[in-house]
Amino acid sequence: MRIEVLIDVKTILGEGPLWDVDEQRLYFIDSFGCNVFRCTAEGGEVRAWDVPEKIGSMALRKQGGAVLSLANGFHFLDFRTGETQLIVDPEPDKPKNRINDGKVDKRGRFVAGSMDTMEDGPNGALYSLHADLSLHKLDDGIIVSNGPCWSPDGATFYFADTWSGEIWAYAYDLDTGAVSNRRTFTNVDRSGGGAADGSTVDAEGFLWNALVYAGKLVRYAPDGSVDRIIDMPVKKVTSVMFGGPNLDILFVTSMAKPPLPRFPGDGAQRGSLFAIHGLGVRGLPEPRFDG
Amino acid sequence: MLRIEVIDDARAELGEGPLWDVAEQRLYWIDSLGAKVHSCNAVGGERRSWSVPEHIGSLALREGGGAIVSLRDGFYTLDFGIGACRKLVDPDPGKPRIRMNDGKVDRQGRFVAGYMDYEESDPLCSVFRLDPGGTVTGLDTGIVCSNGPCWSPDGRTFYFADTATKDIWAYDYDLATGAATNRRTFCSFPAVGLKGLPDGATVDAEGFIWSVSVYEGKLVRFAPDGRLDRWVGLPVESTTSLSFGGPNLDIAYVTSMARTVKGVAPKEREAGALFAVHGLGVRGLPEPRFRG
């Protein structure tokens, strides 16, 4: 097992690592720096794009380019021109919200949730953007949306409201994209100040979650029990994704500054992009957005 | 850039006492409760191991070859050729609840090691200096768990921790006599926000003190004035000690433990591994050998 700083990028709020199998490239974002980054599995050939608003997540499109969740709605990004184009703003009446973490389901829908930027009130909701660009609300009453991901068969949807202290599981209808039967998947260990941030599901169906503020990556078995923990060089780890030629490198983002003053400081490598080799676990290819 | 790797997935019950020897270009370390001495090259290869007859707290190499070890009940020599331990002296006999723990060689070649209470609860212990001639002298007493002895680059300041106090202390250290006086608090872990306890320690070439925060899993670096300079989180919480080594003395080797503590087994599969931490941008100092 080896943990290394892949890029000492000092992201203010690094998030959303996304390995694309077709391109063999890693994408990740700086939510507060308003950047999209791309690099190789070794952290080389780094490209950066500026986006006009705070960014919560991104996914690649089958036809090229990306879909983004920006503070003011879902947008397309054209990598060649760097231009963004609004698709839909789900919450034009909620200026204190922004759209946060998102991922693509096994049928190509982009699912992303919003958050209260003060991380205070249950003002957020969870949305699904379908290939026809229609928008569907899946859940609401959420403070901070994080860690959407699916079981390998796509029939279980995992999602966390960071400040609920839980990760939830839902039954997921692959045909319609509807969720039902929300239940507690696991109670997150909040004793060290940690909270559930970004997640991914590996090829064995185990869920990896970044326990932000506690500096831990936690692997949960499908029954919700803690299988394994990796302690990280920094406390503010934000999200995880398997990638690399064999899908066996775990990429981990982190933040250089706390998003709000009430959150703690961090170690010397804060804001770095990390790579972990030798975990003995593989991820699954991440689907692209169908729209 | 920072790179942390498992170089021996040893699952040591209580890995401790990493020691890089410049002359041999090899790393020595111990499993205290597994009663083992291990050595390997800079990348964790060419491993050799020796069993010792009691729990082991620390090890130092001798100038004439072989090692001096602090075992449960005293200072012993260890002959690497035949693997035999021979008792030199038991500095604090007749106390079955305590064992010898962490130790290191001062800049003049004397070996300093202290005891710990197996229960880690009562101040039953002392720290002793073994001079090359075999004389043993007490340096301090009233200690629960001796850890992290090390010296400033000029040898005139001795750092030492009673893990139970959560403080690292500094003493004036007399180069000629090896006497330690004027004990004061060098740093307090809780005061700088550290949630773990001070375990093994070393001093780098800039005179900064590195410690591990055990049960928290951090390497921590303190300036000579006691200010927290920086910290780096490690893959397991049960980190126990560190030593700088490698061809350029710029790799921090870190030991850890796999044992169950207070009924809780570690959730990290790497617990008990030997780690190499590259890219800290800091060099260590050559570790002196025992002159006896």
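Above this note sits the structure.
On a predicted model such as this, the values are computed, not experimentally measured, just so you know. (Residues numbered from 1 in each chain as written. Chains lettered and ligands numbered in written order. Predicted model: local features only at pLDDT ≥ 70, side-chain atom pairs only at ≥ 80, totals over all residues.)

Enquirer: Just give me the short version of the overall build of chain A, but keep the residues and values in it.
Expert: Within chain A one finds 0 helices and 24 strands. Computed over the C-alpha atoms, the radius of gyration of chain A is 17 Å, within 12% of the 19 Å expected from 2.2 N^0.38 for a compact globule of 291 residues. Considering only C-alpha atoms, chain A reaches an extent of 45 × 40 × 40 Å along its principal axes. Burial analysis of chain A (291 residues in total) assigns 53% to the buried set. A separation of at least 24 residues holds for 47% of the contacts in chain A among residues at least 6 apart in sequence. (Helix = DSSP H or I, 4+ residues; strand = E, 2+ residues; numbered from the N terminus. Rg over C-alpha atoms; globule rule 2.2 N^0.38 Å. Buried ≥ 20, exposed ≤ 12 C-beta atoms within 10 Å, placed from the backbone. Contact = placed C-beta atoms within 7 Å.)

Enquirer: Which residues make up the interface of chain A and chain B, and what values do they have?
Expert: Across the boundary between the two partners, chain A contributes 19 residues, which contact 19 residues of chain B. Put simply, the parts of the chain that give the side of chain A that touches chain B at least two residues each are strand 1 (2–7) and strand 21 (226–231) of chain A. Sort the elements by how many residues they give to the side of chain A that touches chain B and strand 21 of chain A lands first, with 5 residues. Class assignment for the residues of the side of chain A that touches chain B results in 10 nonpolar, 3 polar and 6 charged. For strand 1 of chain A and strand 1 (residues 3–8) of chain B, the ladder comprises 3 bridges, and the chain directions are antiparallel. (Nonpolar A, V, L, I, M, F, W, Y, C, P; charged D, E, K, R; others polar. Pairing = 2+ DSSP bridges.)

Enquirer: An account of the pairing of strand 2 (residues 14–20) of chain A is requested, with residue identities and associated values reported.
Expert: All names here are of chain A. Most of strand 2 sits inside the fold, with 6 of its 7 residues counted as buried. Across 5 bridges, strand 2 lies against strand 3 (residues 25–30) in antiparallel orientation. Within strand 3, the residue paired with Glu15 across the bridge is Ile29. Between strand 2 and strand 3, which pair antiparallel and follow one another directly, the connecting turn spans 4 residues, one of which, Gln24, has a positive phi of 55°.

Enquirer: Residues and numbers for the pairing of strand 22 (residues 237–243) of chain A, please.
Expert: Summarising burial for strand 22 of chain A: 7 of the 7 residues are buried, a large majority. Remark: 5 residues form the turn of the hairpin made by strand 22 of chain A and strand 23 (residues 249–254) of chain A, two consecutive strands paired antiparallel; Gly244 of chain A in that turn has positive phi of roughly 90°.

Enquirer: I'd like a rundown of the environment of Thr157 of chain B, residues and numbers included.
Expert: Residues and elements named next belong to chain B. By secondary structure assignment, the location of Thr157 is in strand 15 (residues 157–162). Note on Thr157: 20 C-beta atoms within 10 Å, which makes it buried. Put simply, Thr157 and Ile209 are 52 residues apart on the chain and 11 Å apart in space, counted from C-alpha to C-alpha. Discounting chain neighbours no more than four positions away, the residues touching Thr157 are Trp151, Ser152, Ala170, Asp172 and Tyr173.

Enquirer: Could you give an account of unusual backbone geometry, with specific residues and numbers?
Expert: Unusually for a residue other than glycine, Gln24 of chain A sits at a positive phi of about 55°. Relative to the elements of secondary structure, Gln24 of chain A occurs in the loop between strand 2 and strand 3. Judged by the 12 C-beta atoms lying within 10 Å of it, Gln24 of chain A falls in the exposed class. You will see that Leu249 of chain B, though not glycine, has its phi angle at about 55°, which is positive.

Enquirer: Which residues make up the sheet that holds strand 15 of chain B, and what are the values?
Expert: Residue and element names in this part refer to chain B. Read across the open sheet, the 4 strands follow the order 14-15-16-17; overall the sheet is antiparallel. Across the chains shown, the open sheet's two edge strands, defined by having one partner strand only, are strand 14 (146–151) and strand 17 (180–188). Each adjacent strand pair in this sheet contributes to an overall mean axis angle of 25°, direction not counted. Relative to strand 15, strand 14 runs antiparallel, the two sharing 4 bridges. Bridge assignment links Asn147 to a residue of strand 15, and that residue is Ala161. (Axes fitted to C-alpha atoms, helices over the stretch in contact; angles between N-to-C directions.)

Enquirer: Tell me about the sheet that holds strand 12 (residues 125–130) of chain B, and name the residues and values.
Expert: Residues and elements named next belong to chain B. Sheet architecture is open: 4 strands sit in the order 10-11-12-13, paired in antiparallel fashion. What marks the edges here is a single partner per strand, and that holds for strand 10 (98–105) and strand 13 (136–143). Here the strands of the sheet are splayed against their neighbours by 20° on average, with no regard to which way each runs. In terms of strand pairing, strand 11 (residues 111–117) meets strand 12 through 4 bridges, oriented antiparallel. Across the sheet, residue Gly114 finds its bridge partner in strand 12, namely Val127.

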